[in-house]
Amino acid sequence: MKICSVAEIREMDRAAIEEFGIIEEILMENAGQGACSVLLEQTGIKDKKFCIFCGIGNNGGDGLVIARKLHSYGAEVKVFILSDPVKYKGAAKTNYKIVSQLPVPVEVIDSPDMLQSKTGIKNHINCCDIIIDAVFGTGLSRNTEGRYKDIIELINTSQKKVLSIDIPSGVNGDTGRIMGNAVRADFTITFGLPKTGNMLYPGYELGGKLYVSHISFPRSLYKSETIKTSVNTPVSLPPRNSNGHKGSFGDVLFIAGSGSYYGAPYFSACGFLKSGGGYSRLASPRSIIPFIAARCSEIVFIPQSETVSGSIAYENKNAILAQTQKRNMVVLGPGLSLEKETRQLAQELTEKIDVPLLIDGDGITALSSNLSIIQKRIPPTILTPHPGEMSSITGMSVKEIEADRIKIVQDTAEKLNAIIVLKGAHTLIAYPEGRVYINMTGNSGMGTPGSGDVLTGAVAAMFGIGLNIEDSVRMGVFIHGLSGDLAAEQYGKDGITAQDILDFLPLAVKKAREKGHELSSKTIRSIF
Ligand SMILES: NC(=O)C1=CN([C@@H]2O[C@H](COP(=O)(O)OP(=O)(O)OC[C@H]3O[C@@H](n4cnc5c(N)ncnc54)[C@H](OP(=O)(O)O)[C@@H]3O)[C@@H](O)[C@H]2O)[C@@H](O)CC1
Ligand SMILES: [K+]
């Protein structure tokens, strides 16, 4: 499913209204209808008591449609409007007029200081069964303050079931960040398409279970090629050649490891094998190979001479390059160390390697000081930074990156002409031509040493078993996250190690083969 920005949903609204004549009243009616379907499924409506908090924009207008429908169905409804209703315009104004004619109590809270009415509101909240949050939607333009902030606080401390309309009020529709404070909902129904703010943390978590209604937008609008962001739904994996041998499932060279990092090369090269890859070759410092071999002797080892600090020495360059020429893909960087000589080696290898190249960890740090090497590469390049490494690449602070992840990863992929995997909760995968995928598998237990190294192996394996390089990256991310989810299902999220993620990879690939489609529809529920 596509995911849109606030500007894109506004454009969809405009096109629906102006080009198809689907007037605002119809869209708002459908939005209200969708919300009532969620309530019917999740909480029941008849004889239930609802408190509806409405803002003064169209999100509030949706709340007023819901008030009318719930009343009609037999619910007891109380509406609070958080500003002067004369400000309503268009369809929201129409719906305000209708609700004013109904025997539905409406209370306007338009004084900047709502302390005097707080007890009354609290009483209503205490007596209701369900709260509808229709305060702010995509029109949130600044931090919440004053009575808005107080109401959000009251909603969050109410211990009642909460349905947020379009997006939890206080969450930025583009970034998912909290502006001031934000509602914590049990369910959210979003309209047209999910907004990026619905899908990124903390907005995603605050929204609870996410429903989407296309509110009768024509398919051409919500499937438009101009919308570049999507959920990372799994692609079908090519059937495994029953007549194949290890060379049929990819032959990948990992250039990884140093005197201080024995785990990184192991998790990368072994992650490849555990995700279905064929030939895993590992160029690592000579002295650490026996330790890695003790953990995974299925890897083919290519011992390298070492620097004084135990990292791969520069003098290996030509021999490594000769190795890369015979491989389908190269992974460079896990645990390489930041030794100057080895960084120089990483840069010069990146210049010369003429097969798809995935650069991770210390490899990224080595290249960050000379990004033109990446820009000039002709064969595909994949970078898998965590926010700290993304900071080295972009020169922005982690805080700046976290505040606008989609835009920054999109711009960087275009600028570097590379596929970028920005790791984190809901990892992003961005392609040079502008596409971005939001990955929904994975969990907080996976923030553990070695996890990112396993990911490099999973991506390489997807390429090895026959996906094209673009799909390999997003499927590698999907499988890696799924493997972590399976580990969490078994052991809980606390204490998952990279080894656990590794161990569940075969099962994750099996599940993706057998139930890929089912897995992808788990996070967002489509309704009318
Ligand atoms: N368009 C359509 O066809 C459809 C749209 N739909 C619905 O419309 C929603 C978008 O509606 P919207 O654009 O009216 O914005 P919305 O979020 O209701 O709020 C804007 C108001 O809030 C105010 N405001 C902002 N921040 C504030 C703050 N911190 N503190 C205080 N005030 C603040 C802002 O004031 P201003 O910034 O102008 O001063 C303005 O008055 C969308 O989410 C969906 O639910 C559906 O019905 C389907 C059809
Ligand atoms: K809302």
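What this report covers is the structure whose coordinates are included nearby. (Residues numbered from 1 in each chain as written. Chains lettered and ligands numbered in written order. Predicted model: local features only at pLDDT ≥ 70, side-chain atom pairs only at ≥ 80, totals over all residues. Heavy atoms only, no water.)

Quick look at the nonpolar core now. In terms of nonpolar packing, the biggest core is built from 53 residues, with Met 462 and Met 475 touching the most fellow members. At the level of secondary structure, the elements contributing two or more residues to this core comprise strand S10 (251-255), helix H10 (263-274), strand S13 (329-332), strand S16 (419-422), helix H19 (451-464), helix H20 (469-491) and helix H21 (498-520). Discounting residues that sit within four places of it in the chain, Met 462 has contacts with Leu 237, Ser 275, Leu 467, Ser 472, Met 475, Gly 476, Ile 479 and Val 509. (Core = buried A, V, L, I, M, F, W, Y, C linked by side-chain atoms within 4.5 Å. Buried < 20%, exposed > 50% of the residue type's maximum accessible area, 1.4 Å probe, protein only. Helix = DSSP H or I, 4+ residues; strand = E, 2+ residues; numbered from the N terminus. Contact = heavy atoms within 4.5 Å.)

A word on the pairing of S13. The two faces of the sheet receive side chains in turn, since in a regular strand these alternate between them. Of the two faces of S13, both are covered, the one formed by Met 329 and Val 331 as well as the one formed by Val 330 and Leu 332. Both S10 and S13 contribute to a ladder of four bridges, which runs parallel. Directly across from Val 252, in S13, lies its bridge partner Met 329. Pairing between S13 and strand S14 (residues 357-359): three bridges, direction parallel. By the bridge assignment for S14, Leu 332 is matched with Ile 359. One crossover worth recording links S13 to the parallel S14 by way of helix H13 (residues 340-352), and it is right-handed. (Pairing = 2+ DSSP bridges. Right-handed = clockwise from strand over helix to strand, strands pointing away.)

This part takes up the coordination of the potassium ion (ligand 2). Every protein donor of the potassium ion (ligand 2) is listed here as Asn 59 (OD1), Asp 133 (O), Phe 136 (O), Ile 165 (O), Ile 167 (O) and Ser 169 (OG), and their distances to the metal cover 2.7 to 3.1 Å. Coordination at the potassium ion (ligand 2) comes from six donor atoms whose angles at the metal span 67 to 173°, giving a geometry best classed as irregular. Mapped onto the sequence, the donors of the potassium ion (ligand 2) take the spacing N-x73-D-x2-F-x28-I-x1-I-x1-S. Here Asp 133, found in strand S5 (residues 130-134), pairs with Ile 167, found in the loop between strand S6 (161-165) and strand S7 (187-191); they are 34 residues apart in sequence, far enough to count as distant. Under the relative-accessibility criterion, Asp 133 is labelled buried at 0%. (Donors = N, O, S within 2.8 Å, 3.2 Å for Na, K, Ca; no water. Tetrahedral: all angles 85-135°; square planar, octahedral: opposite > 155°, others 65-115°.)

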